[in-house]
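Now for the letters of each chain:
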Amino acid sequence: NMTVGTVAYAAPEQLKGDQDAVDTRTDVYALGVLLYELLTGRLPHEVRGKAVGEAARMVCDDEPLPLNLPGGTLGGRFDGDLETIVMRAIARDREHRYGTAAAYADDLRRFLRHEPILARPPTVAYQLSKFARRHRGLVVGVLAAAVALIAGTAVSLSLYASEQRARVQADFNSRLSTAVQEYMVSGVLMSVSPDRMGHDVKLIDALRRAADELDGRFADAPQVEAAIRVKLAGVFYDVGMFGESLDQWNRAIPKLEASVGPDDVGVIRAILGQGRAAIGLKRVEKAIERFGVAVEQARQALPANDPLVIESLLRLGESKAAHGRFRSAQRTLDEGLRLADGVLTPDSRLVLALQASIALCEQKRGTANNRVSSQREVAVQAALNDGADSPAAVRA
């Protein structure tokens, strides 16, 4: 029997039971899904929380979500060549994928060397863009001279300074994104080869090795190391390796705080990840402490009714309930539900989760006499949102 997690990495021809169609291109698909998830923090098909049958239908019938989708862990902007490579690897039609894993790896190497990739037609404009990437110093010099000329004649000194600051920040963000992408490709995916790790290598071994090799590698670029550890923490959590996930969160958060400050949204989300990993390890008191920190930092940095504040209250309330502190948990959850009123729709996942957790607390406290009918409505809505056997519907 397949789990939803297995379905997420299975090619359409596997899910259709067409054994004659299963070949090396099926392996290319699985590797493509892995790279997609490492880069974006999500799956190409939103199968989490779905029934296995519905998840399989989505993989077989729906086109994968674009790599450059807003809201990804790197801001949703990836190099066009990298998107072309990944989307070719996970094409629904196996005839449109790379024929072998070696061909897939070869195009990834071309991307890392800023050379034209084979998955894209070699137009003149494309070849020129690759020339510019390989001869960056020359091109940047010419462009810098042009920018200086324009700035000196068309804008004021203050505006020019402002644009320069914005350009420096954009360049930094671009270099950060590129560094993270290249490490996830070369440090993880490209390490799964017989000459580096033997013929019996498992992908989990490659992830562990990538995590180990981070130590000291980005000593002069702590934000790069932090961003990579955040990605690894998410992947470890998704495959149920909660200890490894917590370790990566523990290593990433101090570097994030030192780089962008403790009130940054990325830091708050990292602390929530830290708490979820602690819950996975059944370290509930640790989770309560971490979620409490997330609540306080979210309140300081964001508007009172920001969805991240509400999510932090939900996680804190759930962890208190898991510890048997139902009265305190309900107060926390009630606050989250009050803040959500007028901000989130009644059928949003956060609101449904808050209502279901409040009902659990009332049941445990013996005060749930009038909640049965409303919770039945919650369960119906959760089933409509995510499927009848989704965690939200089961909890309700």
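Presented here is a report on the structure given in the accompanying data block. (Residues numbered from 1 in each chain as written. Predicted model: local features only at pLDDT ≥ 70, side-chain atom pairs only at ≥ 80, totals over all residues. Heavy atoms only, no water.)

Observations regarding the nonpolar core
Across soluble globular proteins, you tend to see nonpolar side chains buried next to one another.
Step number 1: Core analysis: the biggest nonpolar cluster contains 39 residues, and Val 309, Ile 310, Leu 314, Leu 333 and Cys 361 have the highest contact counts within it.
Step number 2: Within the residue set of this core, elements represented by two or more residues are helix H12 (222–238), helix H13 (242–260), helix H14 (265–280), helix H15 (284–301), helix H16 (307–322), helix H17 (326–340) and helix H18 (349–365).
Step number 3: In this structure, Val 309 is in contact with Ala 298, Arg 299, Leu 302, Pro 303, Ala 304 and Leu 339, ignoring residues within four places of it in sequence.
Step number 4: With 27 residues, the next largest nonpolar core counts Val 7, Tyr 36, Leu 67 and Ala 89 among its residues. (Core = buried A, V, L, I, M, F, W, Y, C linked by side-chain atoms within 4.5 Å. Buried < 20%, exposed > 50% of the residue type's maximum accessible area, 1.4 Å probe, protein only. Helix = DSSP H or I, 4+ residues; strand = E, 2+ residues; numbered from the N terminus. Contact = heavy atoms within 4.5 Å.)

Structural notes on the packing of aromatic side chains
Step number 1: A complete count under the given rule lists 2 aromatic pairs for this structure.
Step number 2: Above the ring of Tyr 98, the side-chain terminus of Arg 88 is found at 4.6 Å from the ring centroid. (Phe/Tyr/Trp six-rings, centres within 6.5 Å; stacked < 30°, edge-to-face > 60°. Lys NZ or Arg CZ within 6 Å of the ring centre and 35° of its normal.)

A few points about the environment of Ala 329
Step number 1: Take Ala 329: it is sitting in helix H17.
Step number 2: Relative accessible area serves as the criterion here: at 0%, Ala 329 is assigned to the buried category.

Quick word on the pattern of salt bridges
Step number 1: Within the structure shown, the criterion is met by 25 salt bridges.
Step number 2: Between Glu 37 and Arg 48 there is a salt bridge, with its nearest N and O atoms 3.0 Å apart. Pair noted here: Glu 37 is in helix H3 (residues 24–40) and Arg 48 is in the loop between H3 and helix H4 (52–61), with a separation of 11 residues, a long-range link.
Step number 3: Owing to a relative accessible area of 42%, Arg 48 belongs among the partly exposed residues under this scheme.
Step number 4: One salt bridge in this structure joins Asp 215 and Arg 251, with 3.0 Å as the shortest N-O distance. With Asp 215 in the loop between helix H11 (203–212) and H12 and Arg 251 in helix H13, this pair connects stretches of sequence that are 36 residues apart.
Step number 5: In this structure Asp 215 comes out as partly exposed when scored by relative accessible area, which is 46%.
Step number 6: A relative accessible area of 35% means that Arg 251 is categorised as partly exposed.
Step number 7: Among the ionic contacts, a cluster of salt bridges with common partners joins Asp 215, Glu 225, Arg 229, Asp 247, Arg 251 and Lys 255. (Salt bridge = Lys/Arg side-chain N within 4 Å of Asp/Glu carboxyl O.)

Brief notes about unusual backbone geometry
Step number 1: Look at His 114: it is not a glycine, yet its phi comes out positive at around 60 degrees.
Step number 2: Structurally, the position occupied by His 114 is in the loop between helix H6 (101–112) and helix H7 (124–134).

So, the packing of H16 against H17
Step number 1: Where H16 meets H17, the axes come as close as 8 Å, and the angle between the chain directions of the two elements is 160 degrees. Regarding the angle of H16 to H17, the classification is roughly antiparallel. For H16 against H17, the interelement crossing comes out left-handed. In contact with Val 309, Ile 310, Leu 313, Leu 314, Leu 316, Gly 317, Glu 318, Lys 320 and Ala 321 of H16, H17 contributes Phe 326, Ser 328, Ala 329, Thr 332, Leu 333, Glu 335, Gly 336, Leu 339 and Ala 340.
Step number 2: Broken down by class, the residue content of the contact of H16 with H17 amounts to 11 nonpolar, 4 polar and 3 charged. (Axes fitted to C-alpha atoms, helices over the stretch in contact; angles between N-to-C directions. Parallel < 35°, antiparallel > 145°, perpendicular 65-115°, else oblique. Left-handed = near helix turned anticlockwise from the far one by under 90°. Nonpolar A, V, L, I, M, F, W, Y, C, P; charged D, E, K, R; others polar.)

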